[in-house]
Amino acid sequence: MEFFIIFNESLLPLFLIIGIAFFYNKNFNPNIKQITDMTLTIFAPIFVFESLIKHNITFDQLAKPFIFMSMLTASLILLGYIIAKIFKFPDNTKTPFALSISMINVGNFGLPLIYFTFGPEAVTYSVIYFITFNISLSTVAIYLSSGKSRIVDILKDVFSIPLFHAFIIGMIFSYFGITLPGSINKGLTLLSQAAIPLLIFILGLQLANIKFQASYFSIILIAVFCRLALSPLISFFALKAITITDLEAKVALIQTSGPSAILPLMYAIKFNRSPDLIAAIIFFTTIFSGITLTLLIKLIA
């Protein structure tokens, strides 16, 4: 009974919106790219900026999350290539597999999950980990997908992301204690409140277009196990190595135990890196995370 109560309070709101978006996409065929671009260039950056200045987040608060992100991401990427070698995965699936288990949906899925699970008081921490893990999504994921090696090329990709600009501006405002006029602050607050439901809705829209090959079945099963079972275990021990508050540790563990991120799929399509495999892993990790995350929340929340 407790399992269903937790699922109802934390996961069901997410899957309800995902289901509505899935149905909407199948019946009305919306322009997903336009909706995604609008959200990622307007609503999500405003959400990040407003959260940073509202909660007075400083660079010192990002140091330990960055260390945690580096430890977890490096461990999972290494694990991915080791497993791919042991099980003799086809060469064209090794990098997509490693990316699928190491890159986490801390945005569309993670942000609202933390909000529904712990409430507004945990939003600050969830934003910090959202920003921190987007560093690897915007650098390491691009590097592995495209084969880029020049630092200049990687930095260009990072600086082209509006979320990064919002983060820098928000940190400057927070550091110098700059406050916005009441009317502007109210407008930004309203826009930021739309970011979370839009992020979930976009996830549902994207899942509706996913297709996969039956030949990838065994690789998908291993990826689901790594992303939803092994990754939380690695996160748990990595978090033990850094000193943070109990609430922050819970937020970090739950937010990084979710399904695979969607951005690597965009990169896979662009660079022709087995997009069907990544799409299938995203789909199944999202579905089964409803069970694994509920169990995890029951254990630690």
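Coordinates for the structure precede this section.
Residues numbered from 1 in each chain as written. Predicted model: local features only at pLDDT ≥ 70, side-chain atom pairs only at ≥ 80, totals over all residues. Heavy atoms only, no water.

## What to know about the nonpolar core
So, point 1. Formed by 60 residues in total, the largest nonpolar core has its most connected members in Phe-68 and Phe-109.
So, point 2. No other element matches helix α6 (residues 123–138), which puts eight residues into this core.
So, point 3. In this view, Phe-109 contacts Leu-11, Leu-14, Phe-15, Ile-18, Leu-203, Pro-259, Thr-286, Ser-289 and Leu-293; residues no more than four positions away in its chain are not counted.
So, point 4. Ile-220, Ala-223, Val-224 and Ile-281 belong to the second-largest nonpolar core, a separate cluster that totals 15 residues. (Core = buried A, V, L, I, M, F, W, Y, C linked by side-chain atoms within 4.5 Å. Buried < 20%, exposed > 50% of the residue type's maximum accessible area, 1.4 Å probe, protein only. Helix = DSSP H or I, 4+ residues; strand = E, 2+ residues; numbered from the N terminus. Contact = heavy atoms within 4.5 Å.)

## Quick look at helix α11 (residues 195–207)
So, point 1. Here α11 is 13 residues long and its end C-alpha atoms lie 18 Å apart, about the 18 Å a rise of 1.5 Å per residue gives.
So, point 2. Taking burial as the measure, the 13 residues of α11 include 11 buried ones, the bulk of the element.
So, point 3. Buried residues along α11 sit in contact with α1 (2–28), α2 (32–55), α5 (110–118), α10 (182–193), α14 (263–271) and α15 (275–300). (Expected span 1.5 Å × (residues − 1).)

## Regarding a nonpolar patch on the surface
So, point 1. A cluster of nonpolar side chains, contributed by Ile-168, Ile-172, Tyr-175, Phe-176 and Ile-178, occupies part of the molecular surface with about 520 Å² of accessible area.
So, point 2. Following the sequence through the fold, Ile-178 ends up in the loop between α9 (162–176) and α10. (Patch = residues over 30% accessible without salt bridge, like charges linked within 9 Å, V, L, I, M, F, W, Y side chains within 5 Å. Areas by Shrake-Rupley, 256 points an atom, 1.4 Å probe, with all protein chains shown as cover. Salt bridge = Lys/Arg side-chain N within 4 Å of Asp/Glu carboxyl O.)

## A few points about the packing of aromatic side chains
So, point 1. Applying the stated criterion across every chain yields a total of 15 aromatic pairs.
So, point 2. Note on Phe-89 and Phe-97: the rings are 5.1 Å apart at their centroids and 85° apart in plane angle, and the pair reads as edge-to-face. For the pair shown, Phe-89 and Phe-97 are each scored as buried.
So, point 3. Between Phe-236 and Phe-237, the ring centres sit 5.4 Å apart and the planes meet at 80°, which makes this aromatic pair edge-to-face.
So, point 4. Classification of Phe-236 as partly exposed rests on a relative accessible area of 38%.
So, point 5. Aromatic ring contacts, followed pair by pair, group Phe-7, Phe-15 and Phe-109 into a single cluster. (Phe/Tyr/Trp six-rings, centres within 6.5 Å; stacked < 30°, edge-to-face > 60°.)

## A word on the environment of Glu-50
So, point 1. Locating Glu-50 in the fold gives a position in helix α2.
So, point 2. Along the sequence, Glu-50 and Phe-167 sit 117 residues apart, while their C-alpha atoms lie 9.7 Å from each other.
So, point 3. Those residues within four positions of Glu-50 in sequence are excluded, and the remaining contacts are Leu-188, Thr-189 and Ser-192.
So, point 4. A polar contact is formed between the side chain of Glu-50 and the side chain of Ser-192, at a distance of 3.4 Å. (Polar contact = N/O pair within 3.5 Å; in protein donor to acceptor, adjacent residues only side chain to side chain.)

## Digging into α14
So, point 1. Restricting attention to buried positions, one finds in α14 the residues Pro-264, Leu-265, Tyr-267 and Ala-268. Seen end-on, α14 carries its buried residues on one side only, within an arc spanning 160°. Turned more than 90 degrees off the buried face of α14, the exposed positions are Ile-269 and Lys-270.
So, point 2. One or two positions beyond α14, positive phi appears at Asn-272, with a value near 55°. (Arc of directions from axis to C-beta.)

## Description of the pattern of salt bridges
So, point 1. Overall, the coordinates contain three salt bridges when judged by the stated rule.
So, point 2. Between Lys-33 and Asp-37 there is a salt bridge, with its nearest N and O atoms 2.8 Å apart. Of this pair, Lys-33 and Asp-37 both sit in helix α2, four residues apart, which is roughly one turn of that helix.
So, point 3. Given the relative accessible area of 34%, Asp-37 is considered partly exposed.

## Let's talk about the packing of helix α12 (residues 217–240) against helix α13 (residues 246–255)
So, point 1. Packing of α12 against α13 brings their axes to within 9 Å, and their N-to-C directions diverge by 155°. Here α12 lies roughly antiparallel to α13, going by the angle between them. For the pair α12 and α13, the crossing hand works out as right-handed. Along the contact surface, α12 presents Pro-232, Ser-235, Phe-236 and Leu-239, while α13 presents Ala-249, Ala-252 and Leu-253.
So, point 2. Taken together, the residues of the contact of α12 with α13 break down into six nonpolar, one polar and no charged. (Axes fitted to C-alpha atoms, helices over the stretch in contact; angles between N-to-C directions. Parallel < 35°, antiparallel > 145°, perpendicular 65-115°, else oblique. Left-handed = near helix turned anticlockwise from the far one by under 90°. Nonpolar A, V, L, I, M, F, W, Y, C, P; charged D, E, K, R; others polar.)

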